[in-house]
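Chain residues, written in single-letter form:
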Amino acid sequence: MTVRTRFAPSPTGFIHLGNIRSALYPWAFARATGGVFVLRIEDTDLERSSQAAVDVIIEGMKWLGLDHDEGPFYQMQRMDRYKAVLAEMVAAGHVYPCYMSMAELDALRERQMANKEKPRYDGTWRPEPGKVLQPVPEGVKPVLRFKNPQGGVVAWDDKVKGLIEIRNDELDDLVIARPDGTPTYNFCVVVDDIDMAITHVIRGDDHVNNTPRQINIFRALGKEPPVYAHLPTVLNEQGEKMSKRNGAKPVTQYRDEGYLPDAMVNYLARLGWSHGDDEIFSRAQFLEWFNLDHLGRSAAQFDEAKLRWVNAQHLKAMDDAALAPLVAEQLLKRGITADERLAAICGLFKDRCDTTVALAGWAAAFYADVAPSAEERAQHVTPAIQPALATLSEKLAASAWNKASISAAIKETITAHGIKMPQLAMPVRVLVMGTAQTPSLDAVLELQNQQTVLTRLQNR
Ligand code: GLU
């Protein structure tokens, strides 16, 4: 059997990290098993769905490398198919028209609440052998209700939550088509999961309540339901369910803030799944290890500091040549076009950065003017050090431009002036790089343009 999974987002808000984790696991499971990953856009809520939200979903998945094999399928484009299946359900006697008005439904609910019963449809219009239904009211368009099985239980072995059993008596007859004939949410999902031959539904646990209803619809259609895995919620740093309303950022913002796709995948993977104590792993390792047996049962909490740390680990481990184009993109946003030095610059500075934005901040000193702070200037570029800076400038002007020659010029200067390395290195860093805290001076200077170094040293 080929594994077929899907991600079925509703494009009703900008997709955030909590949502995209529901894409990561089905994607990983498909990739880990040589299966197929389907993207389906659940856009039937016309008022709340938007193309902009669809774009962020697709862009975010592309950035994270969560490539889909089939789709995107849009539910709004599948209405004819849902209606055809609905007609089959009508023909097979699995649905019935219900003419109960809103007012009657409200009255029913109030009666049930007063009796301390769970509000539910009471089956007034459900046909039964020997039951006489009331006359059909004139001019009322009915909804169609699904004849939920009576008695017995609906059970499934959830890959996250374990065995879940719901008594059919707790489920009332679900409306599966509105008076205008449009099918409702749970019905469309089942038709899609059948048509797309989904074998494993991996989704947020806010859908657990829908599952027994969906399973009953599957069976009415003569199909066995897929395997279900319901993922616990992702909480934000305040411990609330992550949502746009309480400040969650769209996924693509992390790209703009300098996070690496592999680091995001690593971080999100750990947010609800584990492989022993492993915290840092590559995409390939993740896919090698991933299965549905180690999904976490409790809600995971987002932690931006940890995400930054994970990103820093990936940044350090990343090949300089692969890092350079990502940093070049960040530099372009500052109006800077990088050159072939960038990979080496990345190599020199990546250890002290946690994002590509921070790395671009360092790289900028090689391509654009620097502006040392007045305090750092005053502290390091003192009158006493001016003669040594003059000597160094002369030596560097005459030097070949490689690390060994630059290092020799620095050493000769400190010997000639009887000073210590930091006394010379700090002011040079402040003038050339705009800050006193940099990696080893000869390595930094070597990557700078010789003329730039001389010009900046003159500005003392
Ligand atoms: N569209 C649903 C959501 O965004 C997911 C439905 C499903 O995965 O079955 O929450």
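Scroll up to find the structure.
Below or above, wherever it landed, is the structure these notes cover.

Reading the values: rules and limits
Residues numbered from 1 in each chain as written. Predicted model: local features only at pLDDT ≥ 70, side-chain atom pairs only at ≥ 80, totals over all residues. Heavy atoms only, no water. Phe/Tyr/Trp six-rings, centres within 6.5 Å; stacked < 30°, edge-to-face > 60°. Buried < 20%, exposed > 50% of the residue type's maximum accessible area, 1.4 Å probe, protein only. Helix = DSSP H or I, 4+ residues; strand = E, 2+ residues; numbered from the N terminus. Pairing = 2+ DSSP bridges. Axes fitted to C-alpha atoms, helices over the stretch in contact; angles between N-to-C directions. Near = heavy atom within 4 Å. Areas by Shrake-Rupley, 256 points an atom, 1.4 Å probe, with all protein chains shown as cover. Nonpolar A, V, L, I, M, F, W, Y, C, P; charged D, E, K, R; others polar.

1. Concerning the packing of aromatic side chains
Counted by the stated rule, this structure contains 14 aromatic pairs. Taken together, a centroid distance of 5.9 Å and an interplanar angle of 85° make the contact between Trp273 and Phe281 edge-to-face. The residues Trp273 and Phe281 share a single accessibility class, namely buried. Measuring from centroid to centroid gives 5.8 Å for Phe349 and Phe366, while their planes differ by 75°, and the two rings are edge-to-face. Residue Phe349 is found in helix α12 (residues 342-349), and its partner Phe366 is found in helix α13 (residues 356-367); the two are separated by 17 residues along the sequence. Given the relative accessible area of 5%, Phe366 is considered buried. Linked through ring pairs, Tyr25, Trp273, Phe281, Phe286, Trp289 and Phe290 together constitute an aromatic cluster.

2. Structural notes on the sheet that holds strand β4 (residues 95-98)
Here we have 3 strands laid out as an open sheet, ordered β4-β5-β8, and antiparallel in their pairing. Among the strands making up the open sheet, the edge pair consists of β4 and β8 (175-177). Between one strand axis and the next, the sheet turns by 45° as a mean value, whatever way the strands run. In the sheet, β4 pairs with strand β5 (residues 143-146) via 4 bridges, with the strands oriented antiparallel. Residue pairing for β5: Tyr96 is matched across the bridge by Arg145.

3. Here we look at the site of the ligand
Every residue close to the ligand is listed here: Arg6, Ala8, Pro9, Ser10, Glu42, Tyr185, Arg203 and His207. If the ligand stood free it would expose 300 Å²; the protein chains cover 82% of that surface. Each residue belonging to the shell around the ligand can be placed in one class, and the counts come to 3 nonpolar, 2 polar and 3 charged.

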